[in-house]
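Close look at the chain arrangement
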Amino acid sequence: MNPSLSYLRKAVTVVGAWLLAILWISPLLFAFWAAFHNPEDAIHFDLTAPLTLGNFVEAWNQAPFPRYMLNTFLLVTGLLAAQMILATLAAYAFARFNFVGGGIAFSLILVQLMITPEILIVENYATIADLGLADSLTGIGLPYAASAFGIFLLRQTFKSVPRELDDAARMEGCGTLGILWRVYVPLAMPTYLAYGLVSISHHWNNFLWPLVVSNSVETRPLTVGLAIFGAPESGVDWSIVSAATLMSVAPLLIAFLLFQRQFIRSFMASGIK
Amino acid sequence: MNFMGNRHVIGWLLISPAAILLVTFTHYPAVTTFFSSLFSRGNPIRPSKFVGADQYLALLDDPVFWTVLENNLYYAIGTIPASIALAIAMALLVDRALAGTGFLRLAYFTPTILPMIAVANIWLFFYTPEIGLLDRLLNPIGIETPNWLGDPSTALLSLIFITIWKEAGFFMIFYLAALQAQSPELKEAAKLEGASAFTFFRRVTFPLLMPTTLFVLVNAVLNSFKLVDHIFILTKGGPDNASSLILYYIYETAFSFFDTPYASALTIILLLFLGILALIQFGVLERRIHYR
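Values in this document were obtained by computation on a predicted structure and should not be read as measured data.

1. A word on unusual backbone geometry
Residues and elements named next belong to chain B.
- With phi around 55°, K236 is a residue other than glycine that occupies positive phi space.
- Mapped onto the secondary structure, K236 falls in the loop between helix 12 (229–234) and helix 13 (246–255).
- Residue classification places K236 among the partly exposed residues on the basis of a relative accessible area of 40%.
- A positive phi angle, near 55°, is found at F258, a position not held by glycine.
- Residue position: F258 is located in the loop between helix 13 and helix 14 (260–291).

2. Here we look at a positive patch on the surface
- Side chains of R9 and K10 of chain A together with R96, K187 and K191 of chain B sit close together on the surface and give a patch of like positive charge.
- For the positive patch, the elements supplying multiple residues, two or more each, are helix 1 (3–35) of chain A together with helix 9 (184–193) of chain B.
- Positionally, K187 of chain B belongs in helix 9.

3. Re the packing of aromatic side chains
- Under the definition given, this model contains 36 aromatic pairs over all chains.
- Measuring from ring centre to ring centre gives 5.5 Å for W123 of chain B and W165 of chain B, while their planes differ by 55°; the resulting arrangement is tilted. With W123 of chain B in helix 6 (residues 116–127) and W165 of chain B in helix 8 (residues 155–180), this residue pair connects regions lying 42 residues apart in the sequence.
- Relative accessible area serves as the criterion here: at 11%, W123 of chain B is assigned to the buried category.
- Put simply, the rings of F30 and W33 of chain A together with W123, F125, F126, Y127, W148 and W165 of chain B touch in pairs and so form one group of aromatic residues.
- Lying across the ring of F106 of chain A, R155 of chain A places its NZ or CZ 4.1 Å from the centre.

4. As for the packing of helix 4 (residues 63–95) of chain B against helix 5 (residues 101–113) of chain B
Residues and elements named next belong to chain B.
- Here helix 4 crosses helix 5 at 160°, and the two axes come no closer than 9 Å. As summarised for this structure, helix 4 and helix 5 are arranged roughly antiparallel, according to the angle between their axes. In the packing of helix 4 onto helix 5, the handedness of the crossing is left-handed. Every residue of helix 5 that contacts helix 4 at M90, L93 and V94 is listed here: T101, L104, R105 and Y108.
- Looking at side-chain class alone, the contact of helix 4 with helix 5 contains 5 nonpolar, 1 polar and 1 charged residues.

5. Digging into the side chain of N121 of chain B
- Structurally, N121 of chain B is set in helix 6.
- You can call N121 of chain B buried: its relative accessible area is 1%.
- With near-sequence residues (within four places) excluded, N121 of chain B lies in contact with L226, G230, W238, V241 and T245 of chain A together with I233 of chain B.

6. Considering the side chain of S37 of chain B
All names here are of chain B.
- Position of S37 relative to the elements: it lies in the loop between helix 2 (7–36) and helix 3 (54–60).
- In terms of polar contacts, S37 uses its side chain to reach the backbone carbonyl oxygen of F34, at 2.6 Å.
- With near-sequence residues (within four places) excluded, S37 lies in contact with G52, Q55, Y56, P261, S264, A265 and I268.

7. Points about helix 13 of chain B
- Summarising burial for helix 13 of chain B: 9 of the 10 residues are buried, a large majority.
- Among the residues of helix 13 of chain B, I246, L247, Y248, Y249, I250, Y251, E252, T253 and A254 of chain B are the ones counted as buried.

8. A word on helix 13 (residues 222–230) of chain A
- Across the 9 residues that make up helix 13 of chain A, a large majority, 8, are buried.
- Three or more residues of helix 13 of chain A are buried, namely L222, T223, V224, G225, L226, A227, F229 and G230 of chain A.

Cut-offs and rules
- Residues numbered from 1 in each chain as written.
- Chains lettered and ligands numbered in written order.
- Predicted model: local features only at pLDDT ≥ 70, side-chain atom pairs only at ≥ 80, totals over all residues.
- Heavy atoms only, no water.
- Helix = DSSP H or I, 4+ residues; strand = E, 2+ residues; numbered from the N terminus.
- Buried < 20%, exposed > 50% of the residue type's maximum accessible area, 1.4 Å probe, protein only.
- Patch = residues over 30% accessible without salt bridge, like charges linked within 9 Å, V, L, I, M, F, W, Y side chains within 5 Å.
- Areas by Shrake-Rupley, 256 points an atom, 1.4 Å probe, with all protein chains shown as cover.
- Salt bridge = Lys/Arg side-chain N within 4 Å of Asp/Glu carboxyl O.
- Lys, Arg positive; Asp, Glu negative; His and termini not counted.
- Charge placed at Lys NZ, Arg CZ, Asp CG, Glu CD.
- Phe/Tyr/Trp six-rings, centres within 6.5 Å; stacked < 30°, edge-to-face > 60°.
- Lys NZ or Arg CZ within 6 Å of the ring centre and 35° of its normal.
- Axes fitted to C-alpha atoms, helices over the stretch in contact; angles between N-to-C directions.
- Parallel < 35°, antiparallel > 145°, perpendicular 65-115°, else oblique.
- Left-handed = near helix turned anticlockwise from the far one by under 90°.
- Contact = heavy atoms within 4.5 Å.
- Nonpolar A, V, L, I, M, F, W, Y, C, P; charged D, E, K, R; others polar.
- Polar contact = N/O pair within 3.5 Å; in protein donor to acceptor, adjacent residues only side chain to side chain.

Structure representation (structure tokens):
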């Protein structure tokens, strides 16, 4: 091929890739810009307007964001701990104990990949209410504590552990749970990391189910609090909504920017079946 | 050996905590939803009674049901091909070592990790009449703009744009993983044969990405049923249900109109669609993956 033509094509590709990237990131950049300017300046898009932190102060004072943040944090961490324990036990059984009915049980568990708890929102809400868990963080987390996706990922990982390590650990006098804890869990650390990042970002962002279950400041996670705060009928200035939105996503966004590679690798791993 | 003799008991003990919760929140409610859909809505004067298929007959006569079904179809058609095409383009762009690949990948992927509620808040300002960014950009150059979220003909379309924006980067990740697993010798061979970049993509890369595309497709269809968060902020399903989707209608029926049996009948329809999707996944997708 003509070298100048190939050079031209490369240049066009680079420019196209960058234009698409700028287009893709611009809504977020615009929200940043608005959050740091006075509401009037944000609406008139005055580029020379002075910067301000007033919107953040205002949003912080108008709604209990620290409490929402704490709720989300407690929900996400507590849920992740429960998910990991339950998934580890179940995945170990499916990977290493060739028990009767295991195949059918595994297929039934995989149903949750398709039918997630929020699809059956009406009956699940009734169950949570019957258990006396309505309007509680436990009630928001419980339906997701057993994760088919987590069981699936860990089972794949556990299956690749050499059996000889099992036998060696048993010689050393380890029991069933001892082998799981000393041999399997350490070897599956990358899978735990991948699963953890996917789970955290999923439940930090989850909305519909928490909206139905939570009904007070003490239980509302950030997404639900933000939805109430930002609703158009609440008549809050757009700059303040932007500031509140950025505050809500800041912890996750900062974590993502710091651990970009791990995040992207984790999402990649989650798609490989 | 004692250990082996107990493997059935130990196996079931190990899975029981997860299994009990899964049955409680997936299998059991699926069954009770079906039973609930066979009863009438009770009130203090007339208690709920068995009505057989009446809820389903009511569903057939409900224009809103047909509207949300149609909307869901448009939503799927509007979001899925566009986000998959963009995802492939993004993955191809990021896969080759362009200047600033790290930044490009970050820019494409960031919408994925933002909550839909936050995204909707940001996009609300783009769509707001007159003071919104879209109108401020388009009106001065003489383009007449509709009331994006308030006009029945553009409300759903406005939601579709947001979903494409949010999903393309997510699907890009899976294509990127597939591209990086592709052997570089293929490209060298094609170069020797004098194949153009486009021919190479059409004849080699794209067919090899087929299993990924099927995986992404199933997830995209699943999302088109599950992704309703932005409706709460932007349109509340309006105007006149023009932007409502099945799951949002279920939520409204159950938690705004308090008609549990009818919401259950709607849920069963949704489960039916998901069941078909599962059959496609296990029929077509699994075979393709084994084939690979």
